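# Examining the three-dimensional arrangement
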Amino acid sequence: MSAPVFYSYGQGLKELEKLHMKKLILLAALFACTGAYAKEVTVKEVSNDGKFYFLPSYLTIQPGDTVHFVNEQDNIHEVMFVSVPKGVNEMIMSPLQEKKGDTFSHTFTIPGTYQFHCHPHEALGMQGTLIVGKPSKKGETKHVDHHALEKQLEAKSH
Ligand SMILES: [Cu+2]
């Protein structure tokens, strides 16, 4: 005959703690997925001794995070996204940022690799890369023809 099994009070408590921990871990995972902790990140647009660059020029964020592009000096910058993941169906570009403090903000929800440049300083190499979540694999991004778009916008305004 086997004796009935009784859990001591201490053992029962431990089991309860374990369950509680499992719940907490699940909750944390859920928050991570739903972006409850969305972050805000700043990228500076710097003009320094004839050099023009984004600071940082390479950054990784999570889907749902917002990037603020902030003009650091009274100089003209314009952020244009020239390569984006294929799922992105909008043109991401700032208006002309002419004054110190001018800010362009965008929230990124689609994972992948984004490349951007400053339009007036394109030839001077003012460019950057943004990774949202995970980098895109080959063939998962598309080039945005902003020169064509610019012509379209010009045509509309005339
Ligand atoms: Cu610029």
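You'll find the structure just up there.
These numbers were taken from a predicted model, which means no experiment stands behind them. (Residues numbered from 1 in each chain as written. Predicted model: local features only at pLDDT ≥ 70, side-chain atom pairs only at ≥ 80, totals over all residues.)

When you go through the protein residue by residue, the secondary structure sums to two helices and nine strands. In sequence order, the secondary structure elements of the protein are arranged as α-β-β-β-β-β-β-β-β-β-α. The buried share among the 158 residues of the protein stands at 18%. Within the protein, counting contacts between residues at least 6 apart in sequence, those at least 24 apart form 71% of the total. (Helix = DSSP H or I, 4+ residues; strand = E, 2+ residues; numbered from the N terminus. Buried ≥ 20, exposed ≤ 12 C-beta atoms within 10 Å, placed from the backbone. Contact = placed C-beta atoms within 7 Å.)

Grouped together as the largest cluster of nonpolar side chains are 17 residues, with contacts concentrated most on V79, F81, Y114, F116 and L130. Looking at this core, the elements that each hand over two or more residues are β2 (51-55), β4 (66-71), β5 (79-85), β7 (112-118) and β8 (127-132). When residues of this core are assigned to their parent elements, the largest contribution, four residues, is made by β5. Those residues in contact with L130 that sit more than four places away from it in its chain are L59, I61, V67, Y114 and F116. (Core = buried A, V, L, I, M, F, W, Y, C linked by C-beta atoms within 7 Å.)

This part covers the sheet that holds β2. Here we have four strands laid out as an open sheet, ordered β2-β1-β4-β6, and mixed in their pairing. A single partner strand is all that each edge strand has here, and the edge strands are β2 and β6 (103-107). When the angles between neighbouring strand axes are averaged without regard to direction, this sheet yields 15 degrees. Looking at chain direction, strand β1 (residues 40-48) and β2 are connected through five bridges and run antiparallel. If you follow K44 over to β2, its bridge partner there is L55. (Pairing = 2+ DSSP bridges. Axes fitted to C-alpha atoms, helices over the stretch in contact; angles between N-to-C directions.)

With an omega of -5 degrees, the peptide bond running from L55 to P56 counts as cis. Note on placement: P56 falls in the loop between β2 and β3 (58-61). Phi is positive for D49, which is not a glycine, with a value near 55 degrees. Tracing the backbone shows D49 in the loop between β1 and β2.

In this structure, β5 lies alongside β7, joined through four bridges in antiparallel fashion. By the bridge assignment for β7, S83 is matched with Q115. Taken together, the three bridges between β5 and strand β9 (residues 141-143) define a ladder with antiparallel strand orientation. Note on β9: the bridge partner recorded for S83 is H143.

Read across the sheet, five strands follow the order β3-β8-β7-β5-β9 without closing on themselves; strand pairing throughout is mixed. Edge strands, defined here as strands with exactly one partner in the open sheet, are β3 and β9. The sheet shows a mean angle of 25 degrees between the axes of neighbouring strands, direction not considered. Sheet topology places β7 next to β8; six bridges connect them, and they run antiparallel. If you follow F116 over to β8, its bridge partner there is G128.

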